[in-house]
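Take a look at the letters that make up each chain.
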Amino acid sequence: MRSLHFQLTLLSDAVISASAATAGGHQSLDYLPGSTLMGIAASRLYDPGSANTAWMFHSQKVRFG
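What you see is a predicted model; the values in this text were computed from it and never measured.

Student: Describe the overall build of the protein chain, listing the residues and the values that go with them.
Tutor: Along its length, the protein chain carries two helices and zero strands. Once the C-alpha set of the protein chain is aligned to its principal axes, its extents read approximately 40 × 30 × 25 Å. Counting the 65 residues in the protein chain, one finds 9% classified as buried. When contacts within the protein chain are restricted to residue pairs at least 6 apart in sequence, those whose partners lie at least 24 apart make up 18%. Accessible surface, the protein chain as shown: approximately 6,000 Å² in total, 54% of it carbon and sulfur.

Printed below as a string of structure tokens:
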């Protein structure tokens, strides 16, 4: 298995919630969950007609942690 490691620096304050719910109390996290990293990648790379998109985001062969 091949791994890539990144060090991220936020350019502004961010609040990452432990729950995606919009109602009720929220607990903030002190790390960025994999789903946030996957969303960042998808916002830049997602192309519905591309085989690379299917492989990266739908095959479960690429993991964001």
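Still more ground to cover, so stick around.
Student: Account for the side chain of Thr53, naming residues and giving values.
Tutor: If you trace the backbone, Thr53 turns up in helix 2 (residues 51–58). The class of Thr53 is buried, set by a relative accessible area of 4%. Contacts of Thr53, omitting those with residues within four sequence positions, involve Leu45, Tyr46, Asp47 and His58.

Student: Account for the packing of aromatic side chains, naming residues and giving values.
Tutor: Under the criterion given, the structure shown has two aromatic pairs. Considering the side-chain rings of Tyr46 and Phe57, the 5.6 Å spacing of their centres and the 45 degrees angle between planes classify their relative orientation as tilted. Placement of the pair is Tyr46 in the loop between helix 1 (34–45) and helix 2 and Phe57 in helix 2, with a sequence separation of eleven residues. For Tyr46, a relative accessible area of 41% gives the class partly exposed. Residues Phe57 and Phe64 carry aromatic rings whose centres are separated by 6.2 Å and whose planes lie at 5 degrees to one another, so their mutual orientation is stacked. On the accessibility criterion, Phe64 (25% relative accessible area) is partly exposed. In this structure an aromatic cluster arises from ring pairing among Tyr46, Phe57 and Phe64.

Student: Please give an account of helix 2 that cites residues and values.
Tutor: Measuring from the backbone nitrogen of Asn52 back to the side-chain oxygen at the start of helix 2 gives 3.1 Å, which picks out Ser50 as the cap. Just beyond helix 2, the residue with positive phi is Gln60, at close to 65 degrees.

Here is what the cut-offs are and how they apply
- Throughout this description, residue numbers start from 1 for each chain and increase along the sequence as written.
- For a predicted model such as this one, the threshold for reporting local features is a pLDDT of at least 70, and the threshold for listing and counting side-chain atom pairs is 80 or more; totals across whole chains, interfaces and linings nevertheless cover every residue.
- Heavy atoms from the whole structure form the basis of all side-chain values; hydrogens and water molecules are not counted.
- Helix and strand definitions here come from DSSP, where helices need a minimum of 4 consecutive H or I residues and strands a minimum of 2 consecutive E residues; each element is numbered from the N-terminal end.
- Residue burial is assigned from relative accessible area. The probe radius is 1.4 Å, only protein chains are included, and a residue is buried under 20% of its type maximum, exposed over 50%, and partly exposed in between.
- Pairs of residues are marked as contacts when any of their non-hydrogen atoms sit within 4.5 Å.
- Here the Shrake-Rupley method, with its probe set to 1.4 Å, supplies the accessible areas, and only the displayed protein chains count as covering residues.
- Two aromatic rings, drawn from Phe, Tyr or Trp (for Trp, its six-membered ring), form a pair once their centres lie within 6.5 Å of each other, and the interplanar angle then sorts them: stacked below 30 degrees, edge-to-face above 60, tilted otherwise.
- Definition of a polar contact: a pair of N or O atoms within 3.5 Å, with one able to donate and the other able to accept a hydrogen when the atoms are protein atoms, and with sequence-neighbouring residues admitted only if both atoms are side-chain atoms.

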